[in-house]
Amino acid sequence: MSLPDPVVIIIGAGPSGLATAASLTRLSIPYIILEREDCSASLWKKKSYDRLHLHLPKQYCQLPHIPFPTDFPKYVPKSQFPQYLDSYATHFHITPKFNRLVESARFDKSIEKWRVVARNVGSGEAEEYSGRFLVVATGESEEFVPVVEGLGGFTGEVIHSTGYKSGEKYRERRVLIVGCGNSGMEIAFDLAVHGAKTSIVVRSPIHILSKEMMYWGIELAKYLPFSTVESLVVLLSKLWYGGLEKYGIQRPNEGPFTLKKKYGKFPLVDSAGTYNKIKSGEIQVLPGIARIHGDEVEFENDNSHQFDTIIFATGFKRSTHKWLKVK
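This is a predicted model, so every value here is computed, not measured.

**Comments concerning the packing of helix H6 (residues 226-241) against helix H7 (residues 256-263)**
For the pair H6 and H7, the least separation of the axes is 8 Å and the interaxial angle reads 125 degrees. Comparing the axis directions of H6 and H7 gives the class oblique. Seen from H6, the contacting residues are Phe 226, Val 229, Glu 230, Val 233 and Val 234; seen from H7, they are Pro 256, Phe 257 and Thr 258. Residue composition of the contact of H6 with H7, by class: six nonpolar, one polar and one charged.

Next comes the structure, spelled out in structure tokens:
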């Protein structure tokens, strides 16, 4: 089924897709948004843990043209961020086509337009769209779980962090979190608070910064050279957190903002207080996994521990290569 041509086709109704739509609306440029889920911002609404907050002050995270409400806290929680996005969409009359799974997108030189085929999840019907411009706003949307020897034979529960909500049901259970990014560290904190016997795998060196360090780093970058700001932030981190090696954590040789700029790696923003839980021994830091036997996990230091649950906070991978045809 062919539908009227918009000028722009936006794929993905997360924050980036909504922001693009709002900007096009202000310029009176026709567009259409195709979203595979049944709602906008599905990662926030369906696949995030209860404790989640924005890791940066709200003024750095708001979408263009409309700021966060003044009564929202400085670090917006999960419960309020989707409210802001829904209000944003309503204000700009953004109405995505939900339950549209994009199967292919290619540029047709004969008509100088993008042709996009999407499957209507509800009816099963294929729909074809064409437009002069294509905006891919899908981000990294597919859960990534690394290959681990013996994982298929693990006798306990295995979930991705998108399936985790709260540590309440894990009290007294032995839980291993794989992945030491912000999600993994905050889930570890939440588990420890709820009385789980919590361990986390930290394979790579990481920077730990407080919320205040991140805030002042961003502010100072407006006035001081990049290298100067980064050196100050690293110095503050060392003074505040001290030596991390005794807890099984190494600092990278490159600074936190350099790592973000070069590799897209975010520093750990210790907004919940995970560091104190590690320091007190409530969260055990472990090296990389070597293999799994039943409920026993063997690590790269040749030590083994038993677990009831493994949570993979290993992020996401892109799926655009499956449907975006660039040749």
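From this point on, the discussion continues.
**What about the pattern of salt bridges?**
Inspection of every chain in the model, using the stated rule, returns 20 salt bridges. One salt bridge in this structure joins Glu 127 and Arg 100, with 2.9 Å as the shortest N-O distance. With a gap of 27 residues between them, Glu 127 in strand S5 (residues 126-131) and Arg 100 in strand S3 (residues 100-108) connect regions that are remote in the sequence. The residue Arg 173 makes a salt bridge to Glu 157 at a minimum N-O spacing of 4.0 Å. With Arg 173 in the loop between strand S8 (157-160) and strand S9 (174-178) and Glu 157 in strand S8, this residue pair connects regions lying 16 residues apart in the sequence. Three or more residues are tied together by salt bridges with common partners; here these are Glu 37, Asp 38, Lys 46, Lys 47 and Glu 143.

**Some thoughts on unusual backbone geometry**
Its identity as a non-glycine residue notwithstanding, Ser 28 has a phi of 60 degrees, on the positive side. On the secondary structure map, Ser 28 appears in the loop between helix H1 (15-26) and strand S2 (31-34). Phi is positive for Ala 41, which is not a glycine, with a value near 50 degrees. For Ala 41, the position within the fold is in the loop between S2 and helix H2 (42-46).

**Comments concerning the packing of aromatic side chains**
Counted according to the given criterion, the structure contains 14 aromatic pairs. Ring plane angle 65 degrees and centroid distance 5.6 Å describe the contact between Phe 107 and Trp 114, whose orientation is recorded as edge-to-face. Aromatic side chains Phe 299 and Phe 307 sit 6.3 Å apart centroid to centroid with 80 degrees between the ring planes, which places their arrangement in the edge-to-face category. Overall, Phe 299 belongs to the buried group, its relative accessible area being 1%. Under the relative-accessibility criterion, Phe 307 is labelled buried at 3%. Three or more aromatic residues joined by ring pairs make a cluster, and in this case those are Trp 44, Phe 68, Phe 72, Phe 81, Tyr 84, Tyr 88 and Phe 92. Over the aromatic face of Tyr 215 sits the side chain of Lys 74, whose NZ or CZ is 4.4 Å from the ring centroid.

**Considering the sheet that holds S5**
Here four strands make up an open sheet; going across it, the order is S5-S4-S3-S19 and the pairing mixed. In this open sheet, the two strands that pair with only one neighbour each are S5 and strand S19 (324-325).

**Some details on the sheet that holds S2**
Strand order in this open sheet of three strands is S2-S1-S6, and the pairing throughout is parallel. The sheet is open, and its two edges are formed by S2 and strand S6 (133-136), each paired on a single side. Across the sheet, the mean angle from the axis of one strand to that of its neighbour is 20 degrees, orientation sign disregarded. Bridge count between strand S1 (residues 8-11) and S6: four bridges; the pairing is parallel. Residue pairing in the sheet places Val 8 in a bridge with Phe 133 of S6.

**Quick word on the pairing of strand S10 (residues 197-201)**
Successive residues of a regular strand alternate their side chains across the two faces of the sheet. Across the five residues that make up S10, a large majority, four, are buried. Two strands pair when backbone bridges link them, and S9 and S10 are joined in this way by five bridges, in the parallel orientation. In the sheet register, Val 178 faces S10, and the bridge partner there is Val 201. With respect to chirality, the unit in which S9 leads through helix H4 (residues 182-193) into the neighbouring parallel S10 is right-handed. With four bridges joining them, S10 and strand S13 (residues 283-286) adopt parallel strand pairing. By the bridge assignment, Ile 200 is partnered in S13 with Val 285.

**Quick word on H7**
Within H7, burial applies to Pro 256, Phe 257, Thr 258 and Leu 259. Check the buried side of H7 and you find it contacts strand S11 (208-209), helix H5 (211-220) and H6. Positive backbone phi, approximately 75 degrees, marks Gly 264, located one or two places after H7.

**Some words on the nonpolar core**
Counting residues in each nonpolar core, the largest one holds 61 residues, and the members touching the most others are Tyr 88, Ile 94, Leu 191 and Ile 200. Residues in contact with Ile 200, not counting those within four places in the same chain, are Leu 176, Ile 177, Gly 179, Cys 180, Gly 184, Met 185, Ala 188, Ile 283, Gln 284, Val 285 and Leu 286. Judged by nonpolar contacts, the second largest core, of 14 residues, contains Leu 176, Val 201, Leu 286 and Phe 307.

Cut-offs and rules
- Residues numbered from 1 in each chain as written.
- Predicted model: local features only at pLDDT ≥ 70, side-chain atom pairs only at ≥ 80, totals over all residues.
- Heavy atoms only, no water.
- Axes fitted to C-alpha atoms, helices over the stretch in contact; angles between N-to-C directions.
- Helix = DSSP H or I, 4+ residues; strand = E, 2+ residues; numbered from the N terminus.
- Parallel < 35°, antiparallel > 145°, perpendicular 65-115°, else oblique.
- Contact = heavy atoms within 4.5 Å.
- Nonpolar A, V, L, I, M, F, W, Y, C, P; charged D, E, K, R; others polar.
- Salt bridge = Lys/Arg side-chain N within 4 Å of Asp/Glu carboxyl O.
- Phe/Tyr/Trp six-rings, centres within 6.5 Å; stacked < 30°, edge-to-face > 60°.
- Buried < 20%, exposed > 50% of the residue type's maximum accessible area, 1.4 Å probe, protein only.
- Lys NZ or Arg CZ within 6 Å of the ring centre and 35° of its normal.
- Pairing = 2+ DSSP bridges.
- Right-handed = clockwise from strand over helix to strand, strands pointing away.
- Core = buried A, V, L, I, M, F, W, Y, C linked by side-chain atoms within 4.5 Å.

Interpretation in functional terms is not warranted from these geometric data alone.
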